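So the chains spell out like this:
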Amino acid sequence: MQNILPPRISLRRLRFGLSDLAVILGALAILAVIAKVGAGAFVGFTPPKNVPSVSLDPRNLPYYAGRSTLRMFVALAASFVFTFAYGYVAARSKYAERVLIPLLDILQSVPVLGFLSITVTGFIALFPGSLLGLECASIFAIFTSQAWNMAFSFYQTLRTLPQDLVEATESYRLPAWQRFVQLEVPASMIGLVWNAMMSFGGGWFFLAASEAISVLNQSYTLPGIGSYVAAAVSAQDMHALGWAVLTMAFTIVLIDQLFWRPVVAWADKFRLEQSAAAEAPQSWVFDLFRSSRVPHAIERIWSPAGDALTFALSSVTAVRPMRIVDPRVERIVNQLYLAALIVIVAGLIGLGIHFILTTVGFVEISKVIALGAATLLRVAVLLTLATLVWTPIGVVIGLNPRLTRMLQPVALFCASFPANFIFPFATLAFITYHVNINYGSIILMALGAQWYILFNTIAGAASIPTDLREMADDIGLRGWSRWRRLIVPGIFSSWVTGGITASGGAWNASIVSEIVTWGHTTLTAAGLGSYIADATGKGDWPRITLGVGMMSVYVVAVNRIFWRKLYALAEKKYHL
Amino acid sequence: MSAQGLVEVESCCKSFPHPEGKSEFTVLDNISVSVEPGEVVALLGRSGSGKSTLLRIMAGLIPASSGKVFSDGKPLTGPNPDVAMVFQSFALLPWLTVIENVEVGLEAHGVGRMERTKRALKAIDLVGLDGFESAYPKELSGGMKQRVGFARALVVEPKVLFLDEPFSALDVLTAENLRGEIDDLWNAGTFPAKSILLVTHNIEEAVFLADRIIVLGTNPGRIRGEVKVDLPRPHDRTRPEFKELVEHLYAIMTNPTMNIEVVPAHASQVPQRKPSRSPYAEPLPHVRVGTISGLLELLVEHDRDRHEIARVAERLSLPIDDLLPILDAAGLLGFAIVADGIVHVSDVGRDFATTTILRSKELFRHQVLEHVPLVATMSKTLREKQNGSMRADFFLDLLDEYYPADEARRQFATAVDWGRYAELFEYDAAEELLTISDAAHSAL
């Protein structure tokens with residue numbers, strides 16, 4: 001893409017005309033599209049009579065893609081607001097930290113799609129007679145797939161800010177607002193942008209799943225590219241499906257070029273290392289912006305208002321005198337706080353267990369445990385297969401810089417492409433060739449999850465230092481011993497990162513891959529995912545609670561028992 | 001103590017609690033310091049003397065455990081508004097340009113945009129960074145970064161300029177150049193601050209810049225006394241008085257019990273270090289065995305018996321903070337005798353530095369078992385165990401009684417390094433397991 005466009009220098013020279021024109025026209029076009037597409041969110045909605053329908057005419061696809069994209073960006077904005085607030089409070093307050101961080105850990109493990117039943121009913125009740133309720137439910141599903149990661153990333157940067165910078169802002173008595181703007185947000189920007197970009201890619205999956213769902217015996221359709229696919233599936237319309245896949249791919253590439261690349265290129269200036277980076281990320285849109293005078297003009301117009309805002313916020317958050325607390329008092333307060341927490345948590349767990357025991361009984365619980373084990377087995381098989389297939393390929397790509405440059409973006413694209421767009425093709429194949437869905441669902445789950453293994457392996461192999469590779473060549477390390485001594489240790493940390501992400505993705509995907517339909521045929525695998533999907537469709541609250549809770553328990557347990565250990569090993573032994 | 005000090009601390013102590021809350025670790029013990037208008041004061045001390053902690057207490061960045069801190073006569077309750085700090089690591093915000101970095105302090109005080117730019121440009125001009133206003137820190141060399149650090153501090157016109165080892169992250173020539181320029185600015189009489197408080201471990205730097213040097217002792221940090229630099233400014237390095245002062249300070253620094261003539265009121269009650277019985281309470285200097293042997297080799301090569309430490313430091317261009325621990329280690333192991341600014345290599349030391357690697361390991365093992373109680377005890381403990389192995393936690397717990405957690409880890413790491421070199425034991429870092437070595441088994 002970059003080669004076709006004029007190089008940076010020549011863009012710079014167009015000081016006046018073209019770049020300014022491009023920026024202004026581009027901005028106007030985006031505003032117009034938002035206005036047109038956004039208006040659709042406010043139409044009336046009074047089920048069961050007045051519900052929006054989706055037309056399978058491919059010419060409507062750009063509009064549907066626009067509606068879906070708008071949802072994605074609203075969710076992204078909400079995730080950023082949540083991240084700053086949650087991460088800041090967790091990092092600043094010792095007391096809040098002890099509740100918020102474990103809570104985040106649990107929220108990360110709760111299957112996003114399991115939430116839907118609760119949120120859809122809640123939001124529809126919140127906006128009676130308007131489609132906004134469904135919009136919010138869909139946005140919330142995307143939000144829950146992004147926000148926890150991002151908040152955690154922000155919190156961790158705040159906890160590991162360089163000590164000298166913290167002291168400098170303290171000794172120059174920066175008010176809390178200025179410290180936030182000048183130090184805390186910039187320092188976390190790169191991590192946050194990467195995290196947001198990855199989560200945004202994963203968000204398409206949840207968008208597609210949340211636009212057309214059956215909750216509490218009621219089918220809801222929200223116009224968008226996801227519901228278009230759902231409509232095409234029930235109409236068994238292959239052509240429409242093909243167009244949807246194409247539109248989706250085009251949308252992902254467009255958003256990458258117009259939004260993520262410029263943002264990544266811009267965020268590079270927030271690098272904490274004081275020396276220049278070897279290879280700065282490039283973006284033609286960002287270059288266009290920088291060579292235009294429009295941003296400067298806006299900054300000039302905005303600056304008096306900006307100054308006033310800074311002044312106002314700064315005077316509210318000025319440095320306050322130190323409070324010196326008696327350590328004995330602090331200890332007592334601490335113990336009281338801890339005791340209160342234990343009582344509350346124990347109470348909540350007790351309530352949950354009581355609810356499940358009195359409504360579904362013990363037999364049901366043991367059945368759900370078995371179903372969880374079936375899904376766990378699928379996730380394990382998937383990870384093993386994906387590792388066996390993709391690790392060698394990833395290593396070959398990663399060790400070759402030219403291949404890495406070419407194929408790494410492709411792997412990233414595959415990871416963001418919502419796998420549920422491919423499900424109908426796979427389902428049709430299963431029906432035609434009589435594949436048992438109990439095994440087939442593994443393939444469906446892998447369609448999304450495997451890419452995380454691939455691109456993390458590529459990144460890991462690419463980061464093996466050249467001198468080590470040369471050493472291995474020099475002493476003639478070949479074949480299996482080369483893998484054992486150089487490659488496996490070199491990619492181990494990256495593989496663990498990829499594995500954690502893939503496993504999380506697979507658990508979430510199980511809710512939509514253990515039960516798939518084509519026209520009137522529905523294939524159901526025995527597993528925790530199909531159990532939750534079934535309970536959600538029927539509106540069976542005790543079984544929803546039980547299923548979602550059980551999946552969270554499984555995910556947390558696997559993380560604690562398996563991934564944490566591997567992660568610690570990677571940090572300690574294989575850290576390059 | 002006089003009331004007109006710009007920044008004062010009175011009988012200040014600072015201790016950090018142990019993580020498990022069993023006891024406390026004292027970093028500063030009964031310190032009183034006052035910075036008067038128009039003077040340059042240096043806090044000189046080795047690492048572990050708490051000099052940076054003292055500076056941060058006076059800057060209001062961390063609270064004192066007891067005692068009082070005054071700024072301009074008023075008790076301090078937060079970051080000190082009368083001082084500005086220059087950091088060892090520059091502490092520039094990498095996403096701001098030079099001028100934006102300089103303006104940060106002014107913006108914090110609500111100075112308007114126009115005024116901010118005007119004052120920032122003046123400060124940048126003052127430190128000689130004209131033309132770099134819109135550069136980012138990553139485009140600048142270390143020396144230029146620190147110039148930005150000085151400009152950021154001077155632009156707020158603080159009453160006292162705090163310098164936290166501002167030249168120690170720079171290479172020798174750059175440091176020399178910048179130090180000279182700051183001194184010129186001060187001597188010109190138009191310096192934007194009334195006084196300077198400098199923290200350093202560089203003796204020459206202290207004598208060159210300061211009018212008064214306060215020497216801090218270690219374990220715990222306390223004032224040993226002060227040395228006046230009664231020389232016309234700028235202090236001329238070639239004058240014999242300058243050299244005498246430097247050598248005098250080297251003698252003080254290498255001899256922890258030596259008395260310093262001019263002693264301020266509070267320092268008279270300096271607590272004597274109690275002789276400690278536990279082998280875990282005697283700190284090891286954090287030095288690798290190879291470094292000790294390297295220094296001894298260099299000393300032995302020169303056909304002299306006694307070496308002035310000031311000369312050795314100069315010849316190796318090693319800062320005193322790096323050199324002293326090596327000498328401490330050599331002294332502790334009986335390879336050298338260090339006193340009054342003079343180092344003398346012992347016969348064992350000479351042998352150790354010149355013999356083959358196997359023989360030197362044997363000598364080292366002998367000296368360690370004889371003179372280093374910590375390593376000797378660890379080796380003994382391992383030998384008494386049936387399976388000859390022990391978890392690291394066991395020793396770390398014992399060390400935790402006497403040191404803060406980080407220092408306990410470092411003590412353990414140094415002991416392991418020495419013990420491994422002496423082939424007394426082996427250490428599996430992944431399992432955190434110490435095992436008696438076979439060589440030690442057969443040799444003992």
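All values reported here derive from a predicted model rather than from experimental measurement.

How would you explain the overall build of chain B if you had to name every residue and give the values?
The secondary structure content of chain B amounts to 16 helices and 16 strands. Relative to a compact globule of 444 residues, whose C-alpha radius of gyration would be 22 Å, chain B shows 24 Å and is just as compact. Based on the C-alpha atoms only, the size of chain B along its principal axes is roughly 80 × 50 × 50 Å. Among the 444 residues that make up chain B, the fraction classed as buried is 52%. Considering only intrachain contacts with a sequence separation of at least 6, the fraction spanning at least 24 residues in chain B is 69%.

Talk me through the overall build of chain A; I want residue IDs and the actual numbers.
The secondary structure content of chain A amounts to 21 helices and 4 strands. Against the 2.2 N^0.38 benchmark of 25 Å for 576 residues, chain A shows a C-alpha radius of gyration of 26 Å, consistent with a compact globule. The burial tally for chain A puts 45% of its 576 residues in the buried class. For chain A, long-range pairs separated by at least 24 residues make up 80% of all intrachain contacts whose partners lie at least 6 apart in sequence. As displayed, chain A offers around 28800 Å² of accessible surface, 69% of which is attributable to carbon and sulfur atoms.

Please give an account of the environment of Val86(B) that cites residues and values.
All names here are of chain B. As for its placement among the helices and strands, Val86 is situated in strand E6 (residues 83–86). What makes Val86 buried here is its relative accessible area of 0%. In the structure, Val86 is positioned 68 residues away from Leu154 in sequence and 9.4 Å away in space, judged by C-alpha atoms.

Outline the interface of chain B and chain A, listing residues and values.
You'll often see interface size given as the accessible area lost when the parts meet. Taken together, the 35 residues of chain B in the interface contact 31 residues of chain A. Across the chain B/chain A interface, buried area totals approximately 3000 Å², and carbon plus sulfur atoms make up 57% of it. Per-residue buried area on chain B facing chain A is highest for Pro79(B), Trp95(B) and Lys138(B); these three make up 23% of the total on that side. Summed over the shared surface of chain B and chain A, the result is 2 salt bridges. Here Glu167(A) makes a salt bridge to Arg56(B), at a shortest N to O gap of 2.6 Å. Applying the counting rule to chain B against chain A returns 9 residue pairs in polar contact (both at pLDDT 80 or more). Of all the elements in the fold, those that place two or more residues in the side of chain B that touches chain A are E6, helix H2 (98–108) and helix H4 (142–154) of chain B. With 4 residues, the single largest contributor to the side of chain B that touches chain A is H2(B). Tallied by class, residues from the side of chain B that touches chain A come to 21 nonpolar, 7 polar and 7 charged.

Would you mind going over the sheet that holds E6(B) in detail, with residue names and values included?
Residues and elements named next belong to chain B. Ordered by their spatial adjacency, 6 strands build an open sheet running E6-E7-E8-E3-E9-E10, and the pairing between neighbours is mixed. Across the chains shown, the open sheet's two edge strands, defined by having one partner strand only, are E6 and strand E10 (222–228). The average angle at which neighbouring strand axes cross in this sheet is 20°, direction not considered. Two strands pair when backbone bridges link them, and strand E3 (residues 40–44) and strand E8 (residues 195–200) are joined in this way by 5 bridges, in the parallel orientation. Considered in E8, the bridge of Leu44 is made with Thr200.

Explain the packing of aromatic side chains to me, and be specific about the residues and the numbers.
All told, the structure shown has 41 aromatic pairs over all chains when counted by the stated rule. Ring centres of Phe82(A) and Trp148(A) lie 5.5 Å apart, and the angle between their planes is 70°; this geometry places the pair in the edge-to-face category. In this pair, Phe82(A) is assigned in helix H3 (residues 61–92) and Trp148(A) in helix H6 (residues 132–159), connecting sequence segments 66 residues apart. Taken together, a centroid distance of 6.0 Å and an interplanar angle of 75° make the contact between Phe417(A) and Phe421(A) edge-to-face. Exposure remark for Phe421(A): the relative accessible area of 2% places this residue in the buried category. Members of the aromatic cluster, joined through ring pairs, are Phe80(A), Phe84(A), Tyr88(A), Phe154(A), Trp177(A) and Phe180(A). Lying across the ring of Tyr136(B), Lys138(B) places its NZ or CZ 5.9 Å from the centre. The ring of Tyr421(B) has Lys361(B) sitting right over it, with the charged end atom 4.8 Å from the ring centre.

I'd love a proper account of the side chain of Arg224(B), names of residues and values included.
Considering the arrangement of structural elements, one finds Arg224(B) in strand E10. Side-chain polar atoms of Arg224(B) contact the backbone oxygen of Ile252(B), separated by 3.0 Å.

Lay out the environment of Asn195(A) with the relevant residues and their values.
Residue and element names in this part refer to chain A. Mapped onto the secondary structure, Asn195 falls in helix H8 (residues 176–211). Residues Asn195 and Pro223, 28 residues apart in the sequence, show an inter-C-alpha distance of 28 Å. Apart from residues lying up to four places away in sequence, Asn195 is in contact with Asn149, Met150 and Ser153.

Which residues make up the pattern of salt bridges, and what values go with them?
The tally for this structure, following the rule as stated, stands at 45 salt bridges over all chains. We note a salt bridge from Glu97(A) to Arg159(A), for which the minimum N-O separation is 2.4 Å. With Glu97(A) in helix H4 (residues 94–109) and Arg159(A) in helix H6, this residue pair connects regions lying 62 residues apart in the sequence. Asp211(B) is the partner of Arg233(B) in a salt bridge, and the nearest nitrogen-oxygen pair spans 2.7 Å. Placement of the pair is Arg233(B) in the loop between E10 and helix H7 (240–254) and Asp211(B) in the loop between helix H6 (203–209) and strand E9 (212–217), with a sequence separation of 22 residues. Relative accessible area serves as the criterion here: at 25%, Arg233(B) is assigned to the partly exposed category.

Explain the confidence of the model for chain A to me, using residue names and the numbers behind them.
Any segment with low pLDDT has predicted coordinates that should not be analysed in fine detail. Chain-level pLDDT for chain A is 85 on average; 93% of the residues reach the 70-or-more range. Every residue in residues 1–14 of chain A is under pLDDT 50, and counting partners more than four places away or in other chains gives 16 contacts.

Just give me the short version of unusual backbone geometry, but keep the residues and values in it.
All names here are of chain B. Omega for the bond connecting Arg233 with Pro234 falls within 30 degrees of zero, at -10°, which places this linkage in the cis form. Tracing the backbone through its elements, the reader meets Pro234 in the loop between E10 and H7. Residues other than glycine seldom take positive phi values, yet Asp72 does so here, at roughly 55°.

How would you summarise the packing of helix H19 (residues 479–513) of chain A against helix H21 (residues 541–572) of chain A if you had to cite specific residues and measurements?
Residue and element names in this part refer to chain A. Put simply, H19 and H21 touch, their axes get as near as 10 Å, and they point 170° apart. Compared by their axis directions, H19 and H21 come out roughly antiparallel. Residue-level contacts link Phe492, Ser493, Trp495, Val496, Gly499, Ile500, Ser503, Trp507, Ser510 and Ile511 of H19 to Met551, Tyr554, Val555, Trp563, Leu566, Tyr567, Leu569 and Ala570 of H21. Partitioned by chemical class, the residues of the contact of H19 with H21 number 14 nonpolar, 4 polar and no charged.

Outline a nonpolar patch on the surface, listing residues and values.
A contiguous nonpolar surface patch, about 780 Å² in accessible area, is contributed by Leu18(A), Leu21(A), Ile24(A), Leu25(A), Leu28(A), Ile30(A), Leu31(A) and Ile34(A). With respect to the helices, strands and loops of the structure, Leu25(A) is situated in helix H2 (residues 17–39).

Would you mind going over the sheet that holds strand E15 (residues 425–428) of chain B in detail, with residue names and values included?
All names here are of chain B. Strands sit in the order E14-E16-E15 across an open sheet of 3 strands; the sheet is antiparallel. Two strands bound the open sheet, and with one partner strand each, they are strand E14 (389–391) and E15. For this sheet, the mean inter-axis angle between neighbouring strands, taken without regard to orientation, is 20°. When E14 meets strand E16 (residues 433–436), the two strands line up antiparallel, connected through 3 bridges. Bridging from a neighbouring strand, Met390 pairs with Leu434 of E16. Most of the contacts of helix H15 (residues 405–421) go to E15, to which it runs at about 130°, and overall it touches E15 and E16.

Definitions and cut-offs
- Residues numbered from 1 in each chain as written.
- Chains lettered and ligands numbered in written order.
- Predicted model: local features only at pLDDT ≥ 70, side-chain atom pairs only at ≥ 80, totals over all residues.
- Heavy atoms only, no water.
- Helix = DSSP H or I, 4+ residues; strand = E, 2+ residues; numbered from the N terminus.
- Rg over C-alpha atoms; globule rule 2.2 N^0.38 Å.
- Buried < 20%, exposed > 50% of the residue type's maximum accessible area, 1.4 Å probe, protein only.
- Contact = heavy atoms within 4.5 Å.
- Areas by Shrake-Rupley, 256 points an atom, 1.4 Å probe, with all protein chains shown as cover.
- Buried area = accessible area lost by both parts, 1.4 Å probe.
- Salt bridge = Lys/Arg side-chain N within 4 Å of Asp/Glu carboxyl O.
- Polar contact = N/O pair within 3.5 Å; in protein donor to acceptor, adjacent residues only side chain to side chain.
- Nonpolar A, V, L, I, M, F, W, Y, C, P; charged D, E, K, R; others polar.
- Pairing = 2+ DSSP bridges.
- Axes fitted to C-alpha atoms, helices over the stretch in contact; angles between N-to-C directions.
- Phe/Tyr/Trp six-rings, centres within 6.5 Å; stacked < 30°, edge-to-face > 60°.
- Lys NZ or Arg CZ within 6 Å of the ring centre and 35° of its normal.
- pLDDT = per-residue confidence, 0-100.
- Parallel < 35°, antiparallel > 145°, perpendicular 65-115°, else oblique.
- Patch = residues over 30% accessible without salt bridge, like charges linked within 9 Å, V, L, I, M, F, W, Y side chains within 5 Å.

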